[in-house]
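These are the residues of each chain, in order.
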Amino acid sequence: MDLVTLTGVRGGGGTTTIVGMLGDALHALNQRVLLVDLNASDLLRMHFDIPHADGRGWVASLFPDEWRQQAFQLDNGLVLAPFGRKAIEESGVSHLLRGDDFWLQVLPSLSRDFDWVLFDCPPCPHRMASALRFRSSLDLMVVHPDMAARELLSQIDFETSSYLLINAFDPTRRLECDVLTGWQHHYGARVLPQTIYSDESLPEALASKKPVTRYMPDAIASQAARSLAQWCLTAHHAVAA
């Protein structure tokens, strides 16, 4: 089983969207996938048309072995464990501070059911999933090539499993091209070649409450998701095996 942590260098960078479409793309390659939302915003559920009014979510679990009762079977071999913000709103108590500890206790029991576990982590600088990041097979940091991300990224320490995933890249913008070139020079192979270009299909897919891989399979973003999923399998999973 491979553990993947995905973290935005800053909020609003599209990390949750990428978790949804990468998980769906891996599942289309006959992989068994668990998606876990560690964000109190609880938006990963929106990509799979699960309303906020449905109060299920892993934070409602009193014990780690109860998480499955709070999860959603999206498809055969594709499961979502949403955060469960409604449970916090009703109880007034947040369990986010034990997020790392909770899932570290759960992990040993997952390998018989899943090939991949994707964690949608809170954005930097919080890094509240530091223990999971340390344990991860892949630590993907999602960045938009702008000056704010460039400054923040310079302050972040890489794990041995860390890679940069460029999101919402517009090749017609000179500054974005310059920032990306600088990162490629500085980080080398740590910058994934599977760049996700700016694509109107992404907000349209969210409006339809579907991953873009389902809403518009031929979109540029969907092709990038499939390419990233294939890279995960061939460049990483094969090596780990």
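Here the structure is shown first, and the text comes after it.
Residues numbered from 1 in each chain as written. Predicted model: local features only at pLDDT ≥ 70, side-chain atom pairs only at ≥ 80, totals over all residues. Heavy atoms only, no water.

### Some points on the overall build of the protein
For the protein, the helix and strand inventory stands at 9 helices and 7 strands. Taking 2.2 N^0.38 as the reference for a compact globule, 241 residues should give roughly 18 Å; the C-alpha atoms of the protein span a radius of gyration of 17 Å, in line with that estimate. A principal-axis box enclosing the C-alpha atoms of the protein has dimensions of 50 × 40 × 35 Å. Counting only residues that meet the buried cut, the protein has 51% of its 241 residues in that class. Here the protein has roughly 11100 Å² of accessible surface; of this, 52% comes from carbon and sulfur atoms. (Helix = DSSP H or I, 4+ residues; strand = E, 2+ residues; numbered from the N terminus. Rg over C-alpha atoms; globule rule 2.2 N^0.38 Å. Buried < 20%, exposed > 50% of the residue type's maximum accessible area, 1.4 Å probe, protein only. Areas by Shrake-Rupley, 256 points an atom, 1.4 Å probe, with all protein chains shown as cover.)

### Section: the packing of aromatic side chains
One pass over the full model with this rule turns up 10 aromatic pairs. Measuring from centroid to centroid gives 5.1 Å for Trp58 and Phe102, while their planes differ by 40°, and the two rings are tilted. Here Phe102 lies in helix α3 (residues 99–106) and Trp58 lies in the loop between β2 (33–37) and β3 (72–75), a separation of 44 residues in the sequence. Here the two residues Trp58 and Phe102 agree in accessibility, since each one is buried. Positioned above the aromatic ring of Tyr163, the side-chain terminus of Arg190 is 5.8 Å from the ring centre. (Phe/Tyr/Trp six-rings, centres within 6.5 Å; stacked < 30°, edge-to-face > 60°. Lys NZ or Arg CZ within 6 Å of the ring centre and 35° of its normal.)

### Quick word on the sheet that holds β2
Judged by pairing direction, the sheet is mixed, and its 7 strands sit side by side in the order β3-β4-β2-β5-β1-β6-β7 without closing on themselves. Each of the sheet's edge strands pairs with one partner strand only, and the pair in question is β3 and β7 (162–166). Strand-to-strand twist of the sheet, defined as the mean angle between neighbouring strand axes without regard to direction, takes the value 25°. In this sheet, β7 lies alongside strand β6 (residues 138–143) in parallel orientation, the contact comprising 5 bridges. Looking across to β7, one finds that Met141 is bridged to Leu164. (Pairing = 2+ DSSP bridges. Axes fitted to C-alpha atoms, helices over the stretch in contact; angles between N-to-C directions.)

### Describing helix α1 (residues 15–28)
For α1, spanning 14 residues, the distance from its first C-alpha to its last is 20 Å, which sits close to the expected 20 Å at 1.5 Å a residue. Burial runs high along α1: 12 of the 14 residues are buried. Positive phi shows up at Asn30, right after α1, with a value of about 65°. (Expected span 1.5 Å × (residues − 1).)

### Concerning the pattern of salt bridges
Counted according to the given criterion, the structure contains 10 salt bridges. For the salt bridge of Arg214 with Asp24, the shortest nitrogen-to-oxygen distance reads 2.7 Å. Here Arg214, found in helix α8 (residues 212–215), pairs with Asp24, found in helix α1; they are 190 residues apart in sequence, far enough to count as distant. When its relative accessible area of 35% is taken as the criterion, Arg214 is described as partly exposed. What makes Asp24 buried here is its relative accessible area of 7%. Two residues, Asp115 and Arg32, come together in a salt bridge whose shortest N-O distance is 3.1 Å. (Salt bridge = Lys/Arg side-chain N within 4 Å of Asp/Glu carboxyl O.)

### Topic: the pairing of strand β5 (residues 116–121)
The buried count for β5 comes to 6 of 6 residues, which makes it a mostly enclosed element. Burial of the side chains of β5 extends over both faces: Trp116, Leu118 and Asp120 are buried on one face and Val117, Phe119 and Cys121 on the other. Where strand β1 (residues 2–8) and β5 come together, 6 bridges link them in parallel fashion. Considered in β5, the bridge of Leu3 is made with Val117. As paired strands, β2 and β5 are joined by 5 bridges and run parallel to one another. Counted as the bridge partner of Leu34 is Val117 from β5.

### Brief notes about the nonpolar core
In terms of nonpolar packing, the biggest core is built from 36 residues, with Leu6, Leu22, Leu26, Leu35, Trp116 and Leu118 touching the most fellow members. Ranked by residues supplied to this core, first place goes to helix α9 (residues 220–240) with 8 residues. Leu22 has contacts with Leu6, Leu118, Leu140, Ala225, Leu228 and Ala229, leaving out every residue within four places of it along the chain. Counting 24 residues, the second largest nonpolar core, distinct from the first, contains Leu34, Val79, Phe114 and Cys121. (Core = buried A, V, L, I, M, F, W, Y, C linked by side-chain atoms within 4.5 Å. Contact = heavy atoms within 4.5 Å.)

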